[in-house]
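Chain residues, written in single-letter form:
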Amino acid sequence: MYKKTHGVIAAGHQKTAEAGIEMLQLGGNAFDAAAAAILASCVTETALTSAGGGGFLLAHTQDNQNILFDFFSQTPQQKKSQEQLNFYPVAINFGDAVQEFHIGLGSMAVPGNLKGVFHVHQKLGRLPFNVVAEPAIRYAKTGVELNDFTYYCLTILSPMLLGSKEMQQVFAPEGKLVQPGGTVLMSDFADTLTYLSESGIREFYEGDIAQRLVNDCQDYGGYLTLEDLKNYRVIERKPLVMNYRGNTFLTNPPPSSGGILIAFALELLSKVDLTNIEFGSSRHLEILAHVMRLTNEARTDRYDAYTHTEEIAQTFLSSEHLAIYEGQLTEVVNKWGSTTHISVVDSEGNAASVTTSNGEGSSYVIPGTGIMLNNMLGEADLNPHGFHNWEENTRISSMMAPTIVLKNNQPEIVLGSGGSNRIRTAILQVISNIIDFKMDVDAAVNHPRVHWESDIFNLEPGFSEEELKNLMLPGSNELIFWKQKNMFFGGVHSVMENSEGLITGAGDRRRSGVIATC
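Cut-offs used in this document
- Residues numbered from 1 in each chain as written.
- Predicted model: local features only at pLDDT ≥ 70, side-chain atom pairs only at ≥ 80, totals over all residues.
- Heavy atoms only, no water.
- Pairing = 2+ DSSP bridges.
- Helix = DSSP H or I, 4+ residues; strand = E, 2+ residues; numbered from the N terminus.
- Axes fitted to C-alpha atoms, helices over the stretch in contact; angles between N-to-C directions.
- Contact = heavy atoms within 4.5 Å.
- Salt bridge = Lys/Arg side-chain N within 4 Å of Asp/Glu carboxyl O.
- Buried < 20%, exposed > 50% of the residue type's maximum accessible area, 1.4 Å probe, protein only.
- 1 Å grid on protein atoms, 1.4 Å probe; cavity = no way out; pocket = protein on both sides within 12 Å on 5 of 7 lines; lining within 4 Å.
- Points joined across faces, edges and corners; volume = space filled by probe spheres on them.
- Nonpolar A, V, L, I, M, F, W, Y, C, P; charged D, E, K, R; others polar.
- Core = buried A, V, L, I, M, F, W, Y, C linked by side-chain atoms within 4.5 Å.
- Expected span 1.5 Å × (residues − 1).

Peer 1: Is there a simple way to explain the sheet that holds strand β21 (residues 478-481) in this structure?
Peer 2: Picture the strands of a sheet paired through backbone hydrogen bonds; they go either parallel or antiparallel. Pairing in this open sheet of 3 strands is mixed, and the strands run β19-β20-β21 from one edge to the other. The sheet is open, and its two edges are formed by β19 (450-453) and β21, each paired on a single side. Between one strand axis and the next, the sheet turns by 15 degrees as a mean value, whatever way the strands run. Bridge analysis of β19 against strand β20 (residues 456-459) gives 4 bridges, and the strand direction is antiparallel. By the bridge assignment for β20, Val450 is matched with Leu459. Contacts from helix α13 (residues 282-302) reach β19 and β20 within the one sheet, and its direction differs from that of β19 by about 35 degrees.

Peer 1: How should I be thinking about the pattern of salt bridges in this particular structure?
Peer 2: For side chains bearing opposite charge, pairing can occur when the charged atoms are close. With the rule as written, the count across this model stands at 16 salt bridges. The shortest N-O distance in the salt bridge between Arg212 and Asp208 comes to 2.8 Å. Remark: Asp208 and Arg212 occur in helix α10 (residues 208-220); sequence separation between them is 4 residues, near one turn of the helix. Exposure remark for Arg212: the relative accessible area of 27% places this residue in the partly exposed category. Note that Arg299 and Asp304 form a salt bridge whose closest N and O atoms lie 2.9 Å from each other. Comparing Arg299 with Asp304 shows no difference in burial state: the two are buried.

Peer 1: Any chance you could explain the layout of surface pockets here in plain terms?
Peer 2: Empty space among the atoms becomes visible once a probe the size of a water molecule is rolled across them. Estimated volume of the largest pocket: approximately 530 Å³. For the largest pocket, the lining is made up of 24 residues, of which Asp381, Asn421, His451, Glu453 and Ser454 are closest to its centre. Those elements that provide at least two residues to the lining of the largest pocket are β6 (98-103), α13, β19 and β20. Looking at the lining of the largest pocket, its residues break down into 9 nonpolar, 7 polar and 8 charged.

Peer 1: Teacher, can you tell me more about the nonpolar core here?
Peer 2: Within soluble globular proteins, side chains that are nonpolar tend to cluster in buried spots. The biggest cluster of nonpolar side chains holds 93 residues, and the ones touching the most others in it are Leu57, Phe69, Leu114, Phe189, Phe204 and Leu213. For this core, the element with the highest residue contribution is helix α2 (residues 30-44), accounting for 12 residues. Apart from residues no more than four positions distant in its own chain, Leu114 is found in contact with Leu39, Ala51, Leu196, Ile201, Phe204, Tyr205 and Ile371. Among the nonpolar cores identified, the runner-up in size contains 86 residues, and Ala10, Ala109, Leu261 and Val272 belong to it.

Peer 1: Honestly, helix α1 (residues 14-25) in this entry has me stumped. Any pointers?
Peer 2: A turn of α-helix holds 3.6 residues, and therefore any two residues three or four places apart point the same way. Counted at 1.5 Å a residue, the expected span for α1 with its 12 residues is 16 Å, and the 16 Å between its end C-alpha atoms agrees. For α1, every residue scored as buried is listed here: Thr16, Ala17, Ala19, Gly20, Ile21, Met23 and Leu24. After α1 finishes, the residue Gly27 shows a positive phi value of roughly 100 degrees.

Peer 1: Would you mind showing me how to read the pairing of strand β12 (residues 339-346) here?
Peer 2: If a strand is regular, its side chains alternate between the two faces of the sheet. Taking burial as the measure, the 8 residues of β12 include 8 buried ones, the bulk of the element. The two faces of β12 match: Thr339, His341, Ser343 and Val345 on one face and Thr340, Ile342, Val344 and Asp346 on the other face are all buried. Sheet topology places strand β2 (residues 7-11) next to β12; 4 bridges connect them, and they run antiparallel. Looking at the pairing, Ala10 lines up with Ser343 of β12.

Structure, rendered in structure tokens:
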């Protein structure tokens, strides 16, 4: 537990968190800290995020403004025939599950992370941008020690990350992967970020860097054009707001999917009295499984085809729509990737919850920049209607759901997660752990989790074997018992403040999460 001083940061790497803490120590606010941490994560967590990816930042300001900054990836303005595309599958083995992704230049959507960082910093930050960028530049230039988790990520994502000569020089400079304890240098990225911090972000979207990217797309099978890059904009949205057991829940609104699906699941869960139900009991796990199943059904029936429809949030979360699924849940209860997250709270009452991703990476690096582009058009979770069936010039709907829970208009819980389609179930469980089961933030984040999808119920180790024997699930559900906790189940990095002003933080140990304070 940390007495509130300048603030607390939870992140996926110690150096990511330290970059943000440097800003707080220099007199910056939570948004300076978040911007510095995002840029630093492009070096320290480069297997999970990149300047060539996209993301979202949910801001709560000291004067009670709530803003969702959407800088996620955009689909290109024009399509090409599939025969022209550099687009191919790779399989990623998580240990107990295998997931297929598609990469290549044809998998790249318009990147938003750099423009998002600049935009948020310009609107809410306090320090000069070159100061905010300095930790990331320093890390890239002098090197970062490779930890065990990053090495694990590099190993499973090696088909993408080692698919280009530029990344081979970073991660395998002597012909084999840098081992844990070794140093990773990103000198090209250090030079690029130095240049952009001096010249402005326009150079990335309209200058020589943009032209290099566009030329390669034209020559080697990508979609992106100079018009795609020039026309990209950060969108400021009103967060999705709901009440959960007396707490105000703020999250990512449509057209993204993760936030509204968490809200739907919490609405269902709020109909269940969990007071006398023990965490991890067969009854608790059955309730979670059914809430997750019903949320998936609702998504398929009434959401995926309507993500950009006006007032979809009101319709999807309406009492009439919820009643269809509440009845099924009540009946049952009566019977029995690659993404990273940063959470920041400062002493002034500002809070930032930011999730960014590069997908798994397209394997393409803009020459001379050290920046690998995303593969958002090659992720099945982001393309539920099938690859190549996306609508042109449209913000992609993401599972990312940076979230803030307020109590009396003050940040109570700041959290978010990586983990592709498991983001929403991870966040759902952590919020319920804190509010329903009164866990402290570290226990809430690091207790075992479950995930239901496509009639498969995945369970991490740590639940009682006796309770698992008593599980009663509907239909032909398959149970998968994981041998150890795994990044498959997300990576929730969270900061929590109690009514007395004490701040605690927790990094998800599934992804080597850490906290830092000053």
